[in-house]
Structure formats: structure tokens, C-alpha cells
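Each chain, written out:
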Amino acid sequence: LEPRELQEAFLKQIKGLQEGGADGIVIETMSDIGEAECALRAAQDAGVSCIVVSMTFERKKSGMVTMMGVRPEQAARHFAEQGCTCVGANCGAGPEDMLEVVKAMKSVTDLPLWAKPNAGIPQLKEGKTVYPEGPSEMAGKLKALCEAGARLIGGCCGTTPQHIREIAALLRP
């Protein structure tokens, strides 16, 4: 799709969410800056006041990057300049790798940072995808994300309601 067409498609979705009562928009699990920017522009055109842009990073030999080669610093700087409310990362990484992403983003922006790691790196066991970190183990690792500058912390793949309860209990002041 051309960027204009993509932006129009995002705008249609966002307007539907607004009609349903959404107060903010999370543009999540993105790997390409151009695609995420089209969604951000659509949210801005719709008058959304709270917009999170969250990219998905994975560890490569060159460090943490999206599948399109975007580095955390690059994403954070770009979306801060484009006017999002909050920037961060979700999926693709467990808590340890997410910590590296948060530190990199914090080095280039003062925006609130969003961090939603998986409950560990997925493993295939007996034909099923399993996330190895239980609620207590994952919660214990997320305190470091907060200390590194993340202000909105949760979980992505493999995260259960019990994970969220334990994370909230540990991080609640």
C-alpha cells in the first residue's frame, strides 16, 4: 500500500475505536517506522490525545533491532519528534532484552516509556509454544525496567492475569 492508503486504513480503524469509547490509541507490535508513522498520523488526524507507539525488537548480532533493522534509539527519537505521547516496546523480547531496549530509549527521550515484554523467550515443547517465566519470576525482573525509566509496564505473550497481579503488587508504591 501507498502511505496515504495505509494512513486512511488506520484512520478508519481509529475512528471506529473512538466511536466505541476509546480514550487513547496504542500502536503496538510495529517493526517498520514508516508503517507506525502512518498509524500515528492517522491517530493525530482523528484528534486522539494519548498515543502510544510500541515497536517490537529482537536480539541480533548487531544488538536489539526490529525485523526491519530499526534500533530502539532511532524509534524513540523519531516518534518523540513526531509527537506521540509515549513510546516503547512490546513482544519479541523477554524482560532482560526489554531492559536493554528501555535503557536505549531513555538515552534519547524524556517521553514516558512503555515496556511489555513476553514472559520469557518462547520455547516449543511437545508441539506447543511455552513461555518459561512464571508470574513471580517475571515480576521480579520487571522492577529493573521501572528503575531504567519505563513508566507503563505490563506483559505481552505468555503473560497471564496472575503475572499482571504479581507485577502490580511488586511495583505498586
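Keep in mind that this is a model prediction, so the values were computed, not measured.

Side note on the sheet that holds strand S6 (residues 113-116)
Move 1: Judged by pairing direction, the sheet is parallel, and its five strands sit side by side in the order S1-S2-S5-S6-S9 without closing on themselves. Whereas interior strands pair on both sides, the edge strands pair on one side only; in this sheet they are strand S1 (25-30) and strand S9 (150-153). For this sheet, the mean inter-axis angle between neighbouring strands, taken without regard to orientation, is 25 degrees.
Move 2: Where strand S2 (residues 51-55) lies against strand S5 (residues 86-90), four bridges are found, and the strand directions are parallel.

Observations concerning the nonpolar core
Side chains of nonpolar character tend, in soluble globular proteins, to be buried together.
Move 1: Membership of the largest hydrophobic core comes to 44 residues, with the highest contact counts inside it found for Met55 and Phe79.
Move 2: If one sorts the elements of this core by residue count, helix H2 (residues 33-45) sits on top with seven residues.
Move 3: When near neighbours in sequence (up to four residues on either side) are disregarded, Met55 contacts Met30, Ser31, Asp32, Ile33, Ala36, Thr66, Val70, Ala75, Phe79, Gly88, Ala89 and Asn90.

Observations regarding the packing of helix H3 (residues 72-81) against helix H4 (residues 95-106)
Move 1: For the pair H3 and H4, the least separation of the axes is 8 Å and the interaxial angle reads 45 degrees. Judged by the inter-axis angle, H3 sits oblique to H4. At the point where H3 passes H4, the crossing takes the right-handed sense. Of H4, the residues touching H3 (which contributes Pro72, Glu73, Ala75 and Ala76) are Val101, Ala104 and Met105.
Move 2: Looking at the contact of H3 with H4 residue by residue, the classes come out as six nonpolar, no polar and one charged.

Quick word on the side chain of Thr159
Move 1: Locating Thr159 in the fold gives a position in the loop between S9 and helix H6 (161-171).
Move 2: Among the polar contacts listed, one links the side chain of Thr159 to the backbone oxygen of Cys156, at a separation of 2.8 Å.
Move 3: Contacts of Thr159, omitting those with residues within four sequence positions, involve Pro117, Ala119, Met138 and Ile164.

Digging into the side chain of Glu133
Move 1: The topology assignment puts Glu133 in the loop between strand S8 (128-130) and helix H5 (135-148).
Move 2: Not counting residues up to four positions away in its chain, the partners in contact with Glu133 are Pro95, Glu96, Ala119, Gly120, Met138, Lys141 and His163.

Considering unusual backbone geometry
For residues that are not glycine, phi is negative in most cases, and the peptide bond is trans in most cases.
Move 1: Its identity is not glycine, yet Thr29 carries a phi of approximately 65 degrees, on the positive side.
Move 2: Take Thr29: it is sitting in strand S1.
Move 3: Here Thr29 falls in the partly exposed class, since its relative accessible area comes to 41%.
Move 4: The backbone of Cys91 shows a phi angle near 60 degrees, a positive value even though the residue is not glycine.
Move 5: Along the polypeptide, Cys91 turns up in the loop between S5 and H4.
Move 6: What makes Cys91 buried here is its relative accessible area of 16%.

Digging into the pattern of salt bridges
Move 1: Within the structure shown, the criterion is met by nine salt bridges.
Move 2: Residue Asp97 pairs with Arg59 through a salt bridge whose shortest N-O separation is 2.8 Å. Of this pair, Asp97 sits in helix H4 while Arg59 sits in strand S3 (residues 58-60), and the two are 38 residues apart along the sequence.
Move 3: Judged by its relative accessible area of 44%, Arg59 is partly exposed.
Move 4: Taken together, the shared-partner salt bridges connect Glu96, Glu133, Glu137 and Lys141 into one network.

What counts and how
Residues numbered from 1 in each chain as written. Predicted model: local features only at pLDDT ≥ 70, side-chain atom pairs only at ≥ 80, totals over all residues. Heavy atoms only, no water. Pairing = 2+ DSSP bridges. Helix = DSSP H or I, 4+ residues; strand = E, 2+ residues; numbered from the N terminus. Axes fitted to C-alpha atoms, helices over the stretch in contact; angles between N-to-C directions. Core = buried A, V, L, I, M, F, W, Y, C linked by side-chain atoms within 4.5 Å. Buried < 20%, exposed > 50% of the residue type's maximum accessible area, 1.4 Å probe, protein only. Contact = heavy atoms within 4.5 Å. Parallel < 35°, antiparallel > 145°, perpendicular 65-115°, else oblique. Left-handed = near helix turned anticlockwise from the far one by under 90°. Nonpolar A, V, L, I, M, F, W, Y, C, P; charged D, E, K, R; others polar. Polar contact = N/O pair within 3.5 Å; in protein donor to acceptor, adjacent residues only side chain to side chain. Salt bridge = Lys/Arg side-chain N within 4 Å of Asp/Glu carboxyl O.

Any link to function would need more than the numbers given here.
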